[in-house]
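Below are the chains, spelled out letter by letter.
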Amino acid sequence: MNKIYKLLFLFIVFSFFIINVSAVDYSTKKLINLDNEATIKTDTFTYDTISFVNENNNSYFNIKSIVNNTDISRYVSINILLFNNSKKNIGFLTYCSEYDYNNSIYSQKKLKSSETTDFKIKISDKYFIDGYSSKDIAYYSVLDENSYYSEIDA
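Our subject in this report is the structure included herewith.

Rules of the game
- What you see as residue numbers is a count from 1 along each chain, following the sequence as written.
- Local features in a predicted model are, by the rule used here, given only for residues with pLDDT of at least 70; side-chain atom pairs are given and counted only at 80 or more, and totals for whole chains, interfaces and linings are based on all residues.
- The basis for the side-chain values is all heavy atoms of the structure; hydrogens and waters are excluded.
- Here, any two strands with at least 2 DSSP bridges between them count as paired.
- By the criteria applied, helices consist of DSSP H or I runs no shorter than four residues and strands consist of E runs no shorter than two, each listed in order from the N terminus.
- Any two rings among Phe, Tyr and Trp, with Trp reduced to its six-membered ring, count as a pair given centres within 6.5 Å; such a pair is stacked if its planes are under 30 degrees apart, edge-to-face if over 60, and tilted if neither.
- In this scheme, a residue with accessible area under 20% of its type's maximum is buried, one over 50% is exposed, and one in between is partly exposed, where area comes from a 1.4 Å probe on protein chains only.
- Placement of a positive charge over a ring is assigned whenever Lys NZ or Arg CZ falls within 6 Å of the ring centre and within 35 degrees of the normal to the ring plane.
- Here, nonpolar core means buried Ala, Val, Leu, Ile, Met, Phe, Trp, Tyr and Cys residues that are tied together by side-chain atoms lying within 4.5 Å of each other.
- Working rule for contacts: check all heavy atoms of both residues, and any pair within 4.5 Å makes them a contact.

So, the sheet that holds strand E8 (residues 89-96)
For sheets, the rule is that strands pair by backbone hydrogen bonds, running either parallel or antiparallel.
Thought 1: Spatial strand order, E2-E11-E7-E8: 4 strands in an open sheet with antiparallel pairing. Each having just a single partner strand, strand E2 (32-33) and E8 make up the two edges of the open sheet.

As C-alpha cells, then:
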C-alpha cells in the first residue's frame, strides 16, 4: 500500500511540470493544417510560431516573432497560399509592410539585421478567389518571404 502512495505522489509531482511545446518546423511550400502552429525559415526571415486565429468575424495570421536573417534592413513581408479542406488553392495572401495601407500598427515596419518583432496579418476578402472567404481555409502554405518587396536601402 505504501508503494501505491509513493507512485501516486510521484505521478502528481510530475504532472505539475509544464512541458514546453513549440511550433513544428516546416519548409516552404508544405501544407500546414490550421490547427498546427508552424515555424518556417527562409533566407530572409524566420517566422516563428505562425498560427491562424478567427475571432469576432476577423481572421488573421498571428506570428509570435519574425527575425530578419539578412545583413540589411527589410520591410516585413510574406507570401501565403490558402487552401480549402479539399486542398484546393482558394487564395493567395501577399503581404509587405511597406504597402500596408490599412493603417495597422505594422504599416511601414522595417526590421534591421537580426531584429525581431511579433506580427499579425489580417486576412481580407481581396486575397480570395470569388466565392471563398477565410471561413473556407483549412490549410495554408508559406510560399516564400516575398523578398521582391522587402529589401530597402540600408
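Structure's up, so let's keep going.
Re the packing of aromatic side chains
Thought 1: On inspection of all chains with the given rule, the structure shows 5 aromatic pairs.
Thought 2: Geometrically, the ring pair formed by Phe 52 and Phe 61 is edge-to-face, given 5.7 Å between the ring centres and 70° between the ring planes.
Thought 3: Judged by relative accessible area, which is 17%, Phe 52 ranks as buried.
Thought 4: Ring geometry for Tyr 95 against Phe 119: centres 5.6 Å apart, planes inclined by 70°, an arrangement best described as edge-to-face. Remark: Phe 119 occurs in strand E10 (residues 116-122) and Tyr 95 occurs in strand E8; sequence separation between them is 24 residues.
Thought 5: With a relative accessible area of 8%, Tyr 95 lands in the buried category.
Thought 6: Taken together, the ring pairs connect Phe 52, Phe 61 and Tyr 140 into an aromatic cluster.
Thought 7: In this structure, Lys 87 is placed above the aromatic ring of Tyr 139, and the distance from its NZ or CZ to the ring centre is 5.4 Å.

Quick look at the pairing of strand E7 (residues 77-83)
One face of the sheet, then the other: side chains in a regular strand alternate in exactly this way.
Thought 1: By the criterion of burial, E7 is predominantly enclosed, with 7 of the 7 residues buried.
Thought 2: Here E7 shows two buried faces, one formed by Ser 77, Asn 79, Leu 81 and Phe 83 and the other by Ile 78, Ile 80 and Leu 82.
Thought 3: Here E7 folds back onto E8, and the loop between the two strands holds 5 residues, one of which, Lys 87, carries a positive phi near 65°.
Thought 4: The sheet contact formed by E7 and strand E11 (residues 139-144) spans 5 bridges and is antiparallel. Residue pairing in the sheet places Asn 79 in a bridge with Asp 144 of E11.

A word on the nonpolar core
Thought 1: With 28 residues, the main nonpolar core has Phe 61, Leu 82, Leu 93 and Tyr 140 as its most contacted residues.
Thought 2: Listing elements by their share of this core, those giving two or more residues are strand E3 (38-41), strand E4 (45-55), strand E5 (58-68), E7, E8, E10 and E11.
Thought 3: With 4 residues, E4 is the largest single contributor of residues to this core.
Thought 4: Filtering out sequence-adjacent residues up to four positions away, Phe 61 remains in contact with Ile 50, Ser 51, Phe 52, Ile 80, Leu 82, Leu 93, Phe 119, Lys 120, Ile 121, Ile 123 and Tyr 140.

Digging into unusual backbone geometry
Thought 1: Backbone geometry at Lys 87 places phi at a positive 65°, although glycine is not the residue there.
Thought 2: With respect to the secondary-structure elements, Lys 87 resides in the loop between E7 and E8.
Thought 3: Positioned with a positive phi, Ser 114 is a non-glycine residue whose angle comes to about 65°.
Thought 4: Relative to the elements of secondary structure, Ser 114 occurs in the loop between strand E9 (110-111) and E10.

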